[in-house]
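A look at the structure
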Amino acid sequence: MSEQQVLVTGASGEIGQALVQELAKRGGYRIITSDFMPLPDSIKSLSAEHVQGDLVYKIKTFYDYDFDVIFHLAASLSSKAEVATEEAHRINVEGTMQLLMLAAYRSEKYKKAVKFLFPSSIAAYGMPNLDSKNKAGTVKEEDWDNPHTMYGCNKLYCEKLGMYYSKYYGQKHLDEKPPVMLDFRALRFPGLISAFTLPSGGTSDYGPEMLHAAAQGKAYPCFVRADTKISFMAMPDAIKSLLMLMDVPREKLTRNVYNVAAFAITAEQFRQRALKSFPDAKISFDPNPRRQGIVDSWPEDVDDSRARKDWGWAPDFDVDRFFDDYFLPEIRNRYEK
Ligand code: SER
């Protein structure tokens, strides 16, 4: 089979780096990357071409490419988006809109549905208060969709835009032959944790930051309360879910947007795990009211039963396997060097 042409935006970010590595490992893809930043050394040799700059202004470049799949990962995360709302809207919404228009145009013109993979987020949810959060437990995709943040609003709206461009764009009458539409598929990710990279600008960052600090023997004042609970996932599972969703035949999908989950733990449970492996770790709690408010509006956990049913989703790493088989061995290796 000939190579598939894949675009990865936000390729220099955490998900981007891990995804490009995995696509290259699989083989059979010509990987085009784009990011505001240059590519890090870890993936430089894996990209056939890198387009550096602001996606909103670079979009014209991509009209000449015959993409089979687009992974649109570029985004301004929740904490950062909250202090630069206009910029976040431009990156998160306008960037997505431009790329959706490109995919819709190419799908119709060349009669080949471009697959559009989009990472949405638990930030698309908004729990009105802690009591509702505690009582709700795991939430389904259509519940509590009232985001409290600019980032969450952006993600939820882009899910809707994706559905619009994949189903209704052009508003053809029922008697007319329907055009080929783009194939939009989104995942609502929990907080992601990589042993190799650190996030920046997010609000679930306290999880990975605490663990990386403990491994390096650095003190860490955690910016949320000890009882704060949301769901998390190992980066390899996030990549696995993206690739599974890319591979699944369209007819198996009953929706455009799926929750995926792995394990839900509190900040105190993170601390206990860190102390078990790094007994000298100095982790304190010094909640930041703004960031605390954001995480308090996110559900404790999400119900991913539809992803499990429709395309066989299951994470490889539950909480024990995450720490024992993935994070701790990798991180020791990394910082002991
Ligand atoms: N990890 C993201 C953030 O904290 C949520 O999707 O912004």
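Residues numbered from 1 in each chain as written. Predicted model: local features only at pLDDT ≥ 70, side-chain atom pairs only at ≥ 80, totals over all residues. Heavy atoms only, no water.

**Points about the pattern of salt bridges**
For the structure on display, the rule yields 24 salt bridges. The salt bridge involving Asp247 is made with Arg26; its shortest N-O contact spans 2.5 Å. Of this pair, Asp247 sits in helix α9 (residues 235–247) while Arg26 sits in helix α1 (residues 14–26), and the two are 221 residues apart along the sequence. Using a relative accessible area of 41% as the deciding quantity, one classes Asp247 as partly exposed. Between Glu141 and Arg306 there is a salt bridge whose closest N-O contact spans 2.8 Å. Here Glu141, found in the loop between β6 (138–139) and α7 (150–167), pairs with Arg306, found in helix α12 (residues 305–311); they are 165 residues apart in sequence, far enough to count as distant. Residue class for Arg306 comes out partly exposed when judged on its relative accessible area of 22%. Overlapping salt bridges, with partners in common, bring together Asp66, Asp68, Arg106 and Lys112 in one network. (Salt bridge = Lys/Arg side-chain N within 4 Å of Asp/Glu carboxyl O. Helix = DSSP H or I, 4+ residues; strand = E, 2+ residues; numbered from the N terminus. Buried < 20%, exposed > 50% of the residue type's maximum accessible area, 1.4 Å probe, protein only.)

**What about helix α10 (residues 267–277)?**
What sets the pattern is the α-helix's 3.6 residues per turn: residues three or four places apart point alike. Of all the residues in α10, the buried ones are Ala267, Phe270, Ala274 and Ser277. Axial view of α10: buried residues confined to an arc of 85°, hence all on one face. (Arc of directions from axis to C-beta.)

**A word on the site of the ligand**
Around the ligand sit Leu77, Ser78, Ser121, Tyr151, Gly202, Thr203, Ser204 and Trp298, and those are all the residues in its vicinity. At 2.6 Å from an oxygen atom of the ligand is found a main-chain nitrogen or oxygen belonging to Thr203. Interatomic distance of 2.8 Å between a side-chain N/O atom of Ser204 and a nitrogen atom of the ligand. Assessed atom by atom at 2 Å from the grid points, the ligand resides in the largest pocket. Of the residues belonging to the shell around the ligand, the class tally is three nonpolar, five polar and no charged. (Near = heavy atom within 4 Å. Polar contact = N/O pair within 3.5 Å; in protein donor to acceptor, adjacent residues only side chain to side chain. 1 Å grid on protein atoms, 1.4 Å probe; cavity = no way out; pocket = protein on both sides within 12 Å on 5 of 7 lines; lining within 4 Å. Sits in = over half its atoms within 2 Å of the grid points. Nonpolar A, V, L, I, M, F, W, Y, C, P; charged D, E, K, R; others polar.)

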